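Each chain is listed here by its residues.
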Amino acid sequence: MKSILIYSTLTGNTKKVAESIKEVMPENTDFISIDEAKNIENFDDYDFITIGYWVDRGTADKKTLEVLKNIKNKKIAFFFTLGAYPDSEHAQKCVDRFEELMKNNNNEVLGHFHCQGKIDPRLAEKFKNLPPDHPHAMNEERKKDMLKLQNIQMMKIFKKQKILFQKYFQIFKQKIIDYLIFNR
Ligand SMILES: Cc1cc2nc3c(=O)[nH]c(=O)nc-3n(C[C@H](O)[C@H](O)[C@H](O)COP(=O)(O)O)c2cc1C
């Protein structure tokens, strides 16, 4: 049984999460960036594919969407990082959209994980002008959070987020382990 972990990252958040997830994958798991994945025409060699991406305008980033076209009839786990809160409606929509994309290619989703990434300060500047009800709006609370985010390692951001991370990561990990045990 062969598995592969593909990650797409612009500023490094998703790569950090990918590296943590790699630790719970079988030792022979291929670990590649999305740019390398673009050169793989079909994924027939792999039984299990984990794909990690960053959220770009409510969906997976363009490079990931491109690679997804070649992933069909597979067992999948996915994860992503985003700017919005992980328990927001926006984050849930991102999950739903990706699951829909997977179904369209007849892939079976075994699990997923998502968390907030450190926001690029240039992007945060732009967010300041958004209306308060926008998912990326910068209110006082978020500005403070931003400052923390710049200084603290991603997985230790907020107590709440840390708990969420642990909860979802455990589920994600367990699903992968279950799958590997039953498909040895
Ligand atoms: C062009 C662009 C579009 C983005 N769109 C969204 C979005 O729609 N929703 C969101 O929650 N975050 C959005 N973000 C924030 C990123 O998803 C977030 O910072 C992510 O952690 C970046 O991951 P990376 O460091 O692996 O590149 C956007 C960032 C950029 C640069």
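Look above for the structure.
Residues numbered from 1 in each chain as written. Predicted model: local features only at pLDDT ≥ 70, side-chain atom pairs only at ≥ 80, totals over all residues. Heavy atoms only, no water.

Peer 1: Describe the overall build of the protein, and please don't skip the residues or the numbers.
Peer 2: Scanning the protein for helices and strands turns up 7 helices and 6 strands. Starting at the N terminus and walking to the C terminus, you meet the elements of the protein as β-α-β-α-β-β-α-β-α-β-α-α-α. A separation threshold of at least 6 residues defines the contact pool for the protein, and within that pool the share at least 24 residues apart is 78%. (Helix = DSSP H or I, 4+ residues; strand = E, 2+ residues; numbered from the N terminus. Contact = heavy atoms within 4.5 Å.)

Peer 1: Quick one: what's the story with the site of the ligand, residue by residue and with numbers?
Peer 2: Residues in contact with the ligand amount to 20 residues; listed here are only the nearest, Thr9, Leu10, Thr11, Thr14 and Thr81. Within the backbone of Asn13, a nitrogen or oxygen atom sits 2.8 Å from an oxygen atom of the ligand. A distance of 2.7 Å is found between an oxygen atom of the ligand and a backbone nitrogen or oxygen belonging to Val55. Bound to the protein, the ligand loses 87% of the 650 Å² it would expose on its own. Only helix H1 (13-22), strand E3 (48-56) and strand E5 (75-82) provide two or more residues apiece to the shell around the ligand. Element by element, the count of residues in the shell around the ligand is highest for E3, at 3 residues. Partitioned by chemical class, the residues of the shell around the ligand number 6 nonpolar, 11 polar and 3 charged. (Near = heavy atom within 4 Å. Polar contact = N/O pair within 3.5 Å; in protein donor to acceptor, adjacent residues only side chain to side chain. Areas by Shrake-Rupley, 256 points an atom, 1.4 Å probe, with all protein chains shown as cover. Nonpolar A, V, L, I, M, F, W, Y, C, P; charged D, E, K, R; others polar.)

Peer 1: Mind laying out H1, listing which residues take part and the relevant values?
Peer 2: Buried within H1 we find Asn13, Thr14, Val17, Ala18, Ser20 and Ile21. End-on, the buried residues of H1 take up no more than an arc of 160 degrees, which puts them together on one face. (Buried < 20%, exposed > 50% of the residue type's maximum accessible area, 1.4 Å probe, protein only. Arc of directions from axis to C-beta.)

Peer 1: Got a sec to walk through the nonpolar core? Specific residues and values, please.
Peer 2: Of all hydrophobic cores here, the largest spans 26 residues; its most connected members are Ile6, Phe43 and Ile71. Where this core is concerned, the elements lending two or more residues are strand E1 (3-7), helix H2 (34-37), E3, helix H3 (62-68), E5 and helix H4 (89-104). When residues of this core are assigned to their parent elements, the largest contribution, 5 residues, is made by H4. Setting aside its immediate chain neighbours within four residues, Phe43 contacts Ile4, Ile6, Ala37, Ile49, Val67, Asn70, Ile71 and Lys74. Counting residues in hydrophobic clusters, the runner-up holds 12 residues, among them Ala18, Ile21, Phe48 and Leu110. (Core = buried A, V, L, I, M, F, W, Y, C linked by side-chain atoms within 4.5 Å.)

Peer 1: Tell me what's going on with the packing of aromatic side chains, and back it up with residues and numbers.
Peer 2: Following the criterion strictly, the structure yields 7 aromatic pairs and no others. Ring geometry for Tyr53 against Phe98: centres 4.6 Å apart, planes inclined by 25 degrees, an arrangement best described as stacked. Taken together, the residues Tyr53 in strand E3 and Phe98 in helix H4 connect sequence positions 45 residues apart. Grouping residues by exposure puts Tyr53 and Phe98 together as buried. Judged by centre distance (6.5 Å) and plane angle (10 degrees), the ring pair of Phe78 and Phe80 falls under stacked. An aromatic cluster is present here, built from Tyr53, Phe78, Phe80 and Phe98 joined pairwise through their rings. Lying across the ring of Phe31, Lys22 places its NZ or CZ 5.3 Å from the centre. (Phe/Tyr/Trp six-rings, centres within 6.5 Å; stacked < 30°, edge-to-face > 60°. Lys NZ or Arg CZ within 6 Å of the ring centre and 35° of its normal.)

Peer 1: Residue-level account of the environment of Thr9, with values.
Peer 2: Positionally, Thr9 belongs in the loop between E1 and H1. Taking relative accessible area as the criterion, Thr9 reaches 29% and is therefore assigned partly exposed. The spatial distance from the C-alpha of Thr9 to the C-alpha of Thr81 is 9.1 Å, given a sequence separation of 72 residues. In this view, Thr9 contacts Thr14, Lys15 and Trp54; residues no more than four positions away in its chain are not counted.

Peer 1: Tell me about the environment of Ala77, and please be specific about residues and values.
Peer 2: On the secondary structure map, Ala77 appears in strand E5. Given the relative accessible area of 1%, Ala77 is considered buried. Placed 25 residues apart in sequence, Ala77 and Gly52 show a C-alpha to C-alpha distance of 8.6 Å.

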